[in-house]
Amino acid sequence: MDEHKSLRDTKLYVDLEKFQTNIHLIRKLIGDRTRIMAVLKANAYGHGLTELVKPAVLAGVSYIGVATLAEAITVRECDESVPILILGYTPEHLFDAVVENNITQTIFDLDSAKKLDQVSSMKNRKTKVHIKVDTGLHRLGFSDMNQSLEDISAINKMKNLNIEGIFSHLALTDDESNEVQFSRFNNFVQALEERGCDFKIKHLADSIATVDYPKYRLDMVRVGALIYGVRGFHKGNVEVELISSLKTKIAQIHQISKGEGVSYDYTWKAERSSIIGTIPIGYGDGIPRNLSNKGYASINGWKCPYVGLINMDYAMIDITEVPGIAKTYKDKDVIIYDDSDSTMDISDISKITGTNKNDILCRITPRVERVYF
Ligand SMILES: *Cc1c(COP(=O)(O)O)cnc(C)c1O
């Protein structure tokens, strides 16, 4: 662990070995014939994009998926040759950079295909694209209508575009609606194939679908949550483990009397004389403010509830019960989350704060040092 450059106690520890193990476990689950796309958008779900590209490629993924052009270029700077798909929208005036960096672009309308073909032609390049189909999510994608069949056939004839793949995205509402989306996708692809299109990579499954619906895996799975060890599936199983833990250390302690308040507005008042620890982590680091007076941090397996409102830079925890803490607090790790039993994990935090697990990970701000091991 590269600790000597550290300037702060509040750190996100990222286990790159677990990250690669998770990818190997996914490979085992899906077999050798289906490609794996590692989805590294949003700073690799908060874990740090640049540090995760090489480990992902070495673990055998065939594609890196990102959300934005900036993310795609960052990946390209880390690896000259790995295929990169921008899963969504890129403004047309930025297509130069898509072409120059050899990035695969998602296409969901005819006009942007024309423009990308033009830009590619000017640069004497052939740009790979994946066609996105809207089968019900109504986010991005060609509608599965006749006009789209004509548009995509036209794109298929463009000299400087190469349609490598076609995909859709599930709403994951229930089995029945998934099945409706799956058959809309298949029917649409089949109609295009009858018109002479040929798709090397058809893909539909995100992390949950990859585990729960084997038949949706097709030629490639697009896994985000799963590679970081976030388990959202319900039917199948794969033993991926959370690759990160968030820790800090106590900055100061206060002995307070029964009846005294803590933090802004005194939303918490001591019901007994208490020892309060102040930790240098707050919503400015990405821990949700509505964890205030709800969740807990952990020291040596002892649960230490957050007391009073969480601030931008600090939170206060009740450490009264932790044996000997007044003398030893400077040495103790305070665990905000990890995977062990006596601590909160990502799932606990997301439930308490009323959001999903990915949201909690993505919120961790750049101010938190990332430590890779
Ligand atoms: C983000 C994203 C994924 C990955 O989703 P997970 O649930 O994290 O696996 C897959 N496909 C698309 C189109 C996405 O935008």
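### Here's the deal with the overall build of the protein
So, point 1. Check the secondary structure of the protein and you find 12 helices and 20 strands.
So, point 2. Across its three principal directions, the C-alpha atoms of the protein cover 80 × 45 × 40 Å.
So, point 3. Long-range contacts, defined here as pairs at least 24 residues apart, represent 65% of the contacts in the protein between residues at least 6 apart.
So, point 4. When the accessible surface of the protein is split by element, carbon and sulfur atoms take 47% of a total near 17,100 Å².
So, point 5. Mean positive and mean negative side-chain charge positions of the protein (46 and 50 charges, respectively) differ by 1 Å.

### Notes on helix α11 (residues 346-353)
So, point 1. Among the residues of α11, Ile346, Ser347, Ile349, Ser350 and Thr353 are the ones counted as buried. Burial along α11 is one-sided: seen end-on, the buried residues are contained in an arc of 165°.
So, point 2. In this structure aspartate 345 caps α11, since a side-chain oxygen of it lies 3.1 Å from the backbone nitrogen of serine 347.
So, point 3. Following α11 by one or two positions, glycine 354 has its phi on the positive side, about 70°.

### Concerning the state of the cysteines
So, point 1. Enumeration over the complete set of coordinates arrives at 0 disulfides.
So, point 2. In this structure cysteine 362 is a free cysteine whose sulfur lies 18 Å from that of cysteine 78, the closest cysteine sulfur available.

### Structural notes on the site of the ligand
So, point 1. Taken together, 13 residues form the shell around the ligand, and within it Lys41, Tyr45, Ser207, Arg222 and Ala225 come nearest.
So, point 2. Between the ligand and tyrosine 45, the relevant distance is 2.5 Å, taken from an oxygen atom to a side-chain nitrogen or oxygen of the residue.
So, point 3. Between the ligand and arginine 222 there is a distance of 2.8 Å, counted from a nitrogen atom to a side-chain nitrogen or oxygen.
So, point 4. When the free accessible area of the ligand is taken as 390 Å², the share hidden by the protein chains comes to 89%.
So, point 5. Elements with a contribution of two residues or more to the shell around the ligand: α2 (41-45) and β10 (220-223).
So, point 6. Looking at side-chain class alone, the shell around the ligand contains 5 nonpolar, 4 polar and 4 charged residues.

### Thoughts on the packing of aromatic side chains
So, point 1. Tallied over the full model, the rule gives 4 aromatic pairs.
So, point 2. Measuring from ring centre to ring centre gives 4.6 Å for phenylalanine 182 and tyrosine 216, while their planes differ by 40°; the resulting arrangement is tilted. Residue phenylalanine 182 is located in helix α8 (residues 175-194), and its partner tyrosine 216 is located in the loop between α9 (207-212) and β10; the two are separated by 34 residues in the primary sequence. In this structure, phenylalanine 182 and tyrosine 216 share a single accessibility class: buried.
So, point 3. Among the aromatic residues, ring-to-ring pairing joins Phe19, Tyr45 and Tyr228 into one connected group.

### Describing the sheet that holds strand β12 (residues 252-256)
So, point 1. Taken together, the 3 strands give an open sheet; going across it, the order is β12-β15-β18, and neighbouring strands pair in antiparallel fashion. The two strands at the open ends of the sheet, each matched to only one other strand, are β12 and β18 (315-318). Averaged over neighbouring strand pairs, the angle between their axes works out to 30° when direction is ignored.
So, point 2. Summarising the sheet, β12 and strand β15 (residues 274-279) pair through 5 bridges and their orientation is antiparallel. Its bridge partner being in β15, isoleucine 253 is matched across the sheet by glycine 277.

### Regarding the domain arrangement of the protein
So, point 1. For the protein, the assigned domains read domain 1 (16-228) and domain 2 (244-372).
So, point 2. Measuring from the centre of the C-alpha atoms in domain 1 to the corresponding centre in domain 2 gives 39 Å.
So, point 3. Listed by partner, the interface residues are 10 residues for domain 1 and 6 residues for domain 2.
So, point 4. For the pair domain 1 and domain 2, the two sides together bury roughly 730 Å², of which 60% comes from carbon and sulfur.
So, point 5. Of all residues in domain 1, the largest losses of buried area upon contact with domain 2 belong to Tyr45, Gly46 and His47, amounting jointly to 59% of the total for that side.
So, point 6. Taken together, the connections running from domain 1 to domain 2 amount to 0 salt bridges.
So, point 7. Of all the elements in the fold, those that place two or more residues in the side of domain 1 that touches domain 2 are α2 and α3 (49-58).
So, point 8. Per element, the largest residue contribution to the side of domain 1 that touches domain 2 is 3 residues, and it comes from α2.
So, point 9. Along the lines of polarity and charge, the residues of the side of domain 1 that touches domain 2 split into 5 nonpolar, 4 polar and 1 charged.

### Notes on the packing of α3 against helix α4 (residues 69-78)
So, point 1. Interaxial distance between α3 and α4 falls to 9 Å at its minimum, and their mutual angle equals 55°. Looking at the two axes, α3 sits oblique to α4. Pair α3 / α4 crosses with right-handed handedness. Along the contact surface, α3 presents Leu49, Thr50, Val53 and Lys54, while α4 presents Glu71, Thr74, Val75 and Cys78.
So, point 2. Classifying every residue of the contact of α3 with α4 by side-chain character gives 4 nonpolar, 2 polar and 2 charged.

Rules of the game
Residues numbered from 1 in each chain as written. Predicted model: local features only at pLDDT ≥ 70, side-chain atom pairs only at ≥ 80, totals over all residues. Heavy atoms only, no water. Helix = DSSP H or I, 4+ residues; strand = E, 2+ residues; numbered from the N terminus. Contact = heavy atoms within 4.5 Å. Areas by Shrake-Rupley, 256 points an atom, 1.4 Å probe, with all protein chains shown as cover. Lys, Arg positive; Asp, Glu negative; His and termini not counted. Charge placed at Lys NZ, Arg CZ, Asp CG, Glu CD. Buried < 20%, exposed > 50% of the residue type's maximum accessible area, 1.4 Å probe, protein only. Arc of directions from axis to C-beta. Polar contact = N/O pair within 3.5 Å; in protein donor to acceptor, adjacent residues only side chain to side chain. Disulfide = S-S within 2.5 Å. Near = heavy atom within 4 Å. Nonpolar A, V, L, I, M, F, W, Y, C, P; charged D, E, K, R; others polar. Phe/Tyr/Trp six-rings, centres within 6.5 Å; stacked < 30°, edge-to-face > 60°. Pairing = 2+ DSSP bridges. Axes fitted to C-alpha atoms, helices over the stretch in contact; angles between N-to-C directions. Domains from an automatic or database assignment. Buried area = accessible area lost by both parts, 1.4 Å probe. Salt bridge = Lys/Arg side-chain N within 4 Å of Asp/Glu carboxyl O. Parallel < 35°, antiparallel > 145°, perpendicular 65-115°, else oblique. Left-handed = near helix turned anticlockwise from the far one by under 90°.

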